[in-house]
Amino acid sequence: ITSSEIQRLIDDMFDTMREYSGIGLAAPQVHEGLRLFVAGAKPSVLGPVMSDDEEMPLVALINPEITLVGDPTELGWEGCLSIPDIRGRVPRAREVKVKAWDRSGRQVSFTAHGFPARVIQHEYD
């Protein structure tokens, strides 16, 4: 995880995400067969709970494990940088529990609610 290649990939993915005004980007979208995604809108400390804030903290999550809390019944509009200018209503769970490795090689665990939960589910998919 801490190799220069992976760190450069993560930096490049954040740059690409920002360049195209996205809020998330998964490694397969940039032709990398890795279980890795970046997401977020502002630098912030990742705590045990990620709230409904639409400006979620920047995260790089490696080998994430996502557990849905409740049924995926909340419909919301989503788009994807891989398919520009197309949006669709997608059912998602309002809350998810996440376990992953961060870009420093530390294991992280947190719960996300609302918009951040939607973003995480989208990128995980």
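Before reading on, note that the structure itself is shown above.
Criteria and cut-off values
Residues numbered from 1 in each chain as written. Predicted model: local features only at pLDDT ≥ 70, side-chain atom pairs only at ≥ 80, totals over all residues. Heavy atoms only, no water. Pairing = 2+ DSSP bridges. Helix = DSSP H or I, 4+ residues; strand = E, 2+ residues; numbered from the N terminus. Contact = heavy atoms within 4.5 Å. Axes fitted to C-alpha atoms, helices over the stretch in contact; angles between N-to-C directions. Buried < 20%, exposed > 50% of the residue type's maximum accessible area, 1.4 Å probe, protein only.

A. Up close: the sheet that holds strand E2 (residues 36–39). Strand order in the open sheet made by the six strands is E1-E2-E4-E7-E8-E3, with mixed pairing throughout. At either end of the open sheet lies a strand with only one pairing partner, and these are strand E1 (24–26) and strand E3 (49–50). In the sheet, E3 pairs with strand E8 (residues 107–113) via two bridges, with the strands oriented parallel. The partner of Val 49 across the bridge, within E8, is Thr 111. Lying on the sheet, helix H1 (residues 4–19) is in contact with E1, E2 and strand E4 (59–69); it crosses E2 at an angle near 45 degrees. The strands touched by helix H2 (residues 114–124) are E1, E2, E3, E4, strand E7 (95–101) and E8; relative to E8, the strand with the most contacts, the crossing angle is about 120 degrees.

B. Local environment of the pairing of E8. Direction of pairing for E7 relative to E8: antiparallel, over a ladder of seven bridges. Note on E8: the bridge partner recorded for Glu 95 is His 113. The hairpin formed by E7 and E8 contains five residues between the paired strands, and Gly 105 there has a positive phi angle of roughly 85 degrees.

C. Spatial organisation of H2. In terms of burial, H2 is a largely internal element, nine of the eleven residues being buried. The set of residues buried in H2 consists of Gly 114, Pro 116, Ala 117, Arg 118, Val 119, Ile 120, Gln 121, His 122 and Glu 123.

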